[in-house]
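# Overview (structure and organization)
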Amino acid sequence: MNYTEFVARMASTMVQEDTADSDWQIMLGAAIDYAELRIYRELDLLDTIVADTSLVTTGGARLLSISDAQVGRFVKLHSVNAITPSGASSPDTGTRSPLAPVSKAFINALYPSSAQNGVPRYYALIDSQTLLLGPWPDEAYKMELLGNIRPTPLSSSNSTTILTLYFPDLFHACAMIFASGWMRNFGSQADNPQMAVSWEAVYEKLKDGAAIEEAKKALGAAA
């Protein structure tokens, strides 16, 4: 399913003849946001995991800023590797040294000053886009970060996503939960909730199937 097909499917399900209607277009964008964010939050999809090898430490600086320019903004980190030796051009031309996730207090206690330096062995999140490293890097090391990102949303200029390609039924059902509320004007939906409840039930059943499929993928990837 692509964007055009999604719009047609939503219009058909909602019996919406005027797909150019401005209010309906606003609702459609909101339904896409609702469906994508809900699914990405509730399912740990393998296809949202990417690697960023664009970051390099600075000798004597223990903070590493995570840029979203290369692969997008990480919402969850799975692993962080320092590449040795210093100056290695890529992870495959050096050796990966995995960093263990710990608390900021742990790093501050073990490495209180730049005198405790070397290849980073631990990391802690200062915020969603900043890592605290320990020990303090003594040189410039290429870093490899793997984690989940939020893929580019579905739109007329981005006609397909992993959800429309591999989970079109789940995506449509989730979007219809939001659309059902819009059709019932949200407030009055409490008096007549059957439509949203029905789509919620469909969504939950489809999500269970998708979760099983993703678990099988993860098992295969770990083998």
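Above this note sits the structure.
Residues numbered from 1 in each chain as written. Predicted model: local features only at pLDDT ≥ 70, side-chain atom pairs only at ≥ 80, totals over all residues. Heavy atoms only, no water.

Turning our eyes to something else, we now look at the sheet that holds strand β3 (residues 74-84). A sheet is described by the order of its strands in space; here seven strands give the open sequence β1-β9-β3-β4-β6-β7-β2, paired in mixed fashion. For this open sheet the edge positions go to β1 (49-52) and β2 (63-65), each flanked by a neighbour on one side alone. For this sheet, the mean inter-axis angle between neighbouring strands, taken without regard to orientation, is 35°. Pairing of β3 with strand β4 (residues 95-101), which is carried by five bridges, proceeds in the antiparallel orientation. The residue of β4 that forms the bridge with isoleucine 83 is arginine 96. (Pairing = 2+ DSSP bridges. Helix = DSSP H or I, 4+ residues; strand = E, 2+ residues; numbered from the N terminus. Axes fitted to C-alpha atoms, helices over the stretch in contact; angles between N-to-C directions.)

Take unusual backbone geometry next. Here the bond from threonine 84 into proline 85 is cis, since omega is 0°, no more than 30 degrees from zero. Here the amide bond leading from glycine 134 into proline 135 is cis, since omega sits at -5°, within 30 degrees of zero. Within the secondary structure layout, proline 135 lies in the loop between β7 (130-134) and β8 (136-137). Here valine 15, not a glycine, exhibits a phi torsion of approximately 55°, which is positive. By the element assignment, valine 15 lies in the loop between α1 (3-14) and α2 (22-42).

Attention now moves to the packing of aromatic side chains. Centre distance and the angle of the planes are the two values used to describe a pair of aromatic rings. Taken as a whole, this structure holds four aromatic pairs when the rule is applied. On the basis of an interplanar angle of 40° and a centroid distance of 5.8 Å, the ring pair of tyrosine 34 and phenylalanine 178 is categorised as tilted. Of the two residues, tyrosine 34 is situated in helix α2 and phenylalanine 178 in helix α5 (residues 168-183); the sequence distance between them amounts to 144 residues. Residue tyrosine 34 is classed as partly exposed on the basis of its relative accessible area, which comes to 28%. By the ring-pair criterion, three or more aromatic residues cluster together here, those being Phe106, Tyr111 and Tyr122. (Phe/Tyr/Trp six-rings, centres within 6.5 Å; stacked < 30°, edge-to-face > 60°. Buried < 20%, exposed > 50% of the residue type's maximum accessible area, 1.4 Å probe, protein only.)

In short, shape yes, function no, at least from these values alone.
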